[in-house]
Amino acid sequence: MFAADEASRALGIELLATGPGQATARMRITEQMVNGHGIAHGGYVFLLADTTFACACNSHGPVTVAAGAEINFIGPGRLGDVLVAQAQERTSYGRNGIYDVTVRREDDEVLAEFRGRSRTIGR
């Protein structure tokens with residue numbers, strides 16, 4: 001799935017690891033990702049978390065999409081920061097799942113907590 005994700009790869013997102021119900025991805029904050037306050041635009045932080053979530057929930061095989069997601073921003077990312085997102089499945093029931101994603105700077109400071117709800121649509 002990630003190999004065909006042009007949007008994520010165009011932003012420089014790298015998939016570092018996947019396993020059953022989990023994934024880790026990385027992205028560097030570029031000049032194009034910084035808002036008028038000089039910090040990483042929240043949409044890019046969300047996109048990194050969402051991409052990592054997608055990789056984790058698709059790790060089981062069947063085509064799975066987001067049914068919903070929310071994010072809590074805890075601290076700012078800055079130009080040049082490398083962000084690492086780690087997704088973990090919390091539960092699955094029927095065709096549904098709940099995943100948590102933590103986005104950190106490489107120095108391990110937590111910048112955001114994301115929760116995604118997935119729905120398997122199959123193929």
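Quick note: structure is the one above.
Our subject in this report is the structure included herewith.

Rules behind the numbers
Residues numbered from 1 in each chain as written. Predicted model: local features only at pLDDT ≥ 70, side-chain atom pairs only at ≥ 80, totals over all residues. Heavy atoms only, no water. Helix = DSSP H or I, 4+ residues; strand = E, 2+ residues; numbered from the N terminus. Pairing = 2+ DSSP bridges. Axes fitted to C-alpha atoms, helices over the stretch in contact; angles between N-to-C directions. Contact = heavy atoms within 4.5 Å. Core = buried A, V, L, I, M, F, W, Y, C linked by side-chain atoms within 4.5 Å. Buried < 20%, exposed > 50% of the residue type's maximum accessible area, 1.4 Å probe, protein only.

### Some points on the environment of Ala4
- Considering the arrangement of structural elements, one finds Ala4 in the segment before helix H1 (6-10).
- Taking C-alpha positions, Ala4 is 17 Å from Ala49, a pair spaced 45 residues apart along the chain.

### Comments concerning the sheet that holds strand S5 (residues 96-105)
- One open sheet accounts for 6 strands, arranged S1-S2-S4-S5-S6-S3; its pairing is antiparallel. Each edge of the sheet is formed by a strand with only one pairing partner; in this case those strands are strand S1 (14-19) and strand S3 (64-73). Strand-to-strand twist across the sheet, computed as the mean angle between neighbouring axes with direction ignored, equals 20°.
- Relative to strand S2 (residues 22-28), helix H2 (residues 42-57) is tilted by about 150°, and along the sheet it contacts S1, S2, S3, strand S4 (82-93), S5 and strand S6 (110-120).

### Concerning the nonpolar core
- Met27, Val45, Leu48, Leu83, Val101 and Val103 are the most contacted members of the largest nonpolar core, which has 25 residues in total.
- Those elements that provide at least two residues to this core are S2, H2, S4, S5 and S6.
- In terms of residue count, the dominant contributor to this core is H2 (7 residues).
- The contacts of Val101, once residues within four sequence positions are left out, are Ala49, Thr52, Phe53, Ala85, Gln86, Ala87, Ala112, Glu113 and Phe114.

Everything listed here is a matter of coordinates, which is why it stays silent on function.
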